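Reading the structure
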Amino acid sequence: MKHKIGILGIVAALFISLLFGTQTTSAATKDLVVHYIDIGQGDAIYIKTPNGKNILIDAGNKAKGHDVVAYLKKQKVKTIDVMIATHPDADHIGGLDEVLDAFVVKNVYAPKVSHTTKAYKDFLLAVKREKVKIKTAKMGVNLPVGDKLIAMKFLAPVKSYATSDLNNWSAVLHLKYNKNTFLFTGDAETRSENDMIANKVLSKVDVLKVSHHGAKSSTSEKFLNAVKPKYAVISVGKGNRYKHPTPETLKRLKNAKAQVYRTDTQGTVKATSNGKTIKFQTAAKPKSSTASAVSYKLTPSLDNKTPKQNGTVNLTVKGLPTGTKYTAVFNYKSTKTTYNGTVGKTLPVKIGRAAKGYTVKVDVTSTYKGKIYKSQVSFTPK
Ligand SMILES: [Zn+2]
């Protein structure tokens, strides 16, 4: 009998907590939407707050300004309440002058660093035409949004950097909507990341805009340990000449167990927060969704499993598209040697005086479309 009451009690408590839960969320039924707009190589991020405020972070290259304006018009934007120019690089501020000319822009924030490029001058002239004054973006500056559930604050730049070090000048914005958090990092690199860590301004976030399009000079392991993102969005151009994002960064994000979204493969990425949970939507179905039916399996093979000392073994790697690069680590008894190969091409390896009777394991690793593939073969010199 006592037992029965116990269960009833639990059921009642669950019912009450459900009711209570519904009541607390009703205060925050409106969504905050973050659009990581696909503008090729660069950044352009549009945020719509639940109370209808429009925030824009960067607008891609000059050639993309038109696309950003069109995108915002499609979202029925008339006024931009807050515009943030993260740093003076052309792939971030290039399109801002066109946006400034197309909309009423109430507030413009930028770090206190100037640049001599035409893109930067055009941005300054457009701000002047708008008759607003640029407010300084730096650590500790709060941005008013007029909604008590929303807090926006700059975490960086923490200090001044050399004028040549533009990426580290990047304005880093932290946005909190009730229980959900977003971090927008511009192109901040390890130096800025370390300065933020040293100033203890970083904490766990739900969504990280991966810095500098996934370059390896940003998004350090230490930084990821501090922000522990559940989701990571990379704004990057398809086939860009910088080879962003780099395998190093993708690996660090994978190790941090962040779910990665990319504008180059998925188009515009939309994150919708109700203040408690975040849902993602992508414009285009990922290319790999059709290709995912094709499963890749890295399959290395050797032409000779028992070569003679000073002989040559020919390594062939299949299972990934021809032309994909891979590395093969030969684990000899006393040393390791790494070779770079290409899928579809035979890689001849002179084994030198490899120890007789010692099985040499060959670790083959390749990255294709952001996924890491590993396999192993071995041979025993006789
Ligand atoms: Zn950039």
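Residues numbered from 1 in each chain as written. Predicted model: local features only at pLDDT ≥ 70, side-chain atom pairs only at ≥ 80, totals over all residues.

**Considerations on the overall build of the protein chain**
- Across its full length, the protein chain holds ten helices and 22 strands.
- Relative to all contacts within the protein chain whose residues are 6 or more apart in sequence, the contacts with residues 24 or more apart total 64%. (Helix = DSSP H or I, 4+ residues; strand = E, 2+ residues; numbered from the N terminus. Contact = placed C-beta atoms within 7 Å.)

**Focus: the confidence of the model for the protein chain**
- Confidence in the prediction of the protein chain, expressed as mean pLDDT, is 91, and 90% of residues score 70 or more.
- Note on residues 14-28: pLDDT under 50 across the span, and five contacts to partners over four residues away in sequence or across chains.
- Contacts of residues 286-292 to residues separated by more than four positions or lying in other chains number four contacts, the stretch itself having pLDDT below 50. (pLDDT = per-residue confidence, 0-100.)

**What to know about the nonpolar core**
- Of all hydrophobic cores here, the largest spans 70 residues; its most connected members are Ile45, Met83, Ile84, Ala171, Val172 and Leu173.
- Beyond its immediate chain neighbours, meaning those up to four positions away, Ile84 contacts Ile57, Tyr109, Ala137, Ala171 and Leu173.
- With 15 residues, the next largest nonpolar core counts Val313, Leu315, Val349 and Ala354 among its residues. (Core = buried A, V, L, I, M, F, W, Y, C linked by C-beta atoms within 7 Å. Buried ≥ 20, exposed ≤ 12 C-beta atoms within 10 Å, placed from the backbone.)

**Focus: the sheet that holds strand S10 (residues 180-184)**
- Reading across from one edge, S7-S8-S9-S10-S11-S12-S13 is the order of the seven strands in this open sheet, with mixed pairing throughout. On the outer flanks of this sheet lie strand S7 (142-143) and strand S13 (259-262), each paired with one strand and no other.
- Across five bridges, the pairing between strand S9 (residues 172-177) and S10 is antiparallel. Paired with Lys176 across the two strands is Thr181, which belongs to S10. (Pairing = 2+ DSSP bridges.)

**Description of the environment of Thr265**
- Tracing the sequence through the fold places Thr265 in helix H9 (residues 263-266).
- In sequence terms Thr265 and Lys369 are 104 residues apart; their C-alpha atoms lie 9.0 Å from each other.

**Focus on the environment of Thr324**
- Among the secondary structure elements, Thr324 is positioned in the loop between strand S17 (312-318) and strand S18 (325-331).
- Counting along the chain gives 19 residues from Thr324 to Val343, while the straight-line C-alpha distance between them is 5.3 Å.
- Apart from the residues within four sequence positions on either side, Thr324 is in contact with Val343, Ser366 and Tyr368.

**Let's talk about helix H8 (residues 247-255)**
- Every buried residue of H8 is accounted for by Thr249, Leu250, Arg252 and Leu253. The buried residues of H8 occupy an angular sector of 160° when projected down its axis, which confines them to one face.
- Its buried side turned inward, H8 meets helix H7 (221-227), strand S12 (231-234) and S13. (Arc of directions from axis to C-beta.)

**Quick notes on the pairing of strand S19 (residues 336-342)**
- Pairing analysis gives seven bridges linking S18 to S19, with the strands arranged antiparallel. Within S19, the residue paired with Asn331 across the bridge is Lys336.
- Count of turn residues in the S18/S19 antiparallel hairpin: four residues.

**Some words on the sheet that holds strand S16 (residues 299-302)**
- As summarised here, the arrangement of the three strands in space is S16-S17-S20, forming an open sheet in which the pairing is antiparallel. Across the chains shown, the open sheet's two edge strands, defined by having one partner strand only, are S16 and strand S20 (347-350). Each strand of the sheet is rotated relative to its neighbour by a mean of 25°, with strand direction disregarded.
- Two strands pair when backbone bridges link them, and S17 and S20 are joined in this way by four bridges, in the antiparallel orientation. (Axes fitted to C-alpha atoms, helices over the stretch in contact; angles between N-to-C directions.)

**Details of the environment of His174**
- Relative to the helices and strands, His174 is located in strand S9.
- Along the primary structure His174 and Lys153 are separated by 21 residues, whereas in three dimensions their C-alpha atoms are 5.3 Å apart.
- Ignoring anything within four residues of it in the chain, the contact list for His174 reads Lys153, Leu155, Thr181 and Leu183.

**Quick look at unusual backbone geometry**
- Cis rather than trans, the peptide bond between Ala156 and Pro157 has omega equal to 5°.
- Tracing the backbone through its elements, the reader meets Pro157 in the loop between strand S8 (150-156) and S9.
- Here His213, not a glycine, exhibits a phi torsion of approximately 55°, which is positive.
- One can find His213 in the loop between strand S11 (207-209) and H7.

**Topic: helix H2 (residues 65-74)**
- Restricting attention to buried positions, one finds in H2 the residues Gly65, Val68 and Leu72. What you see down the axis of H2 is that its buried residues fit within an arc of 65°, all on one side. Residues of H2 that are exposed and point more than 90 degrees away from the buried face comprise Ala70, Lys73 and Lys74.
- In the segment just after H2, Lys76 is the residue with positive phi, at about 65°.

**As for the pairing of strand S2 (residues 45-48)**
- Sheet analysis places strand S1 (residues 32-36) next to S2, joined by four bridges and oriented antiparallel. The partner of Tyr36 across the bridge, within S2, is Ile45.
- Note: S2 against strand S3 (residues 54-57), four bridges, orientation antiparallel. Directly across from Ile45, in S3, lies its bridge partner Ile57.

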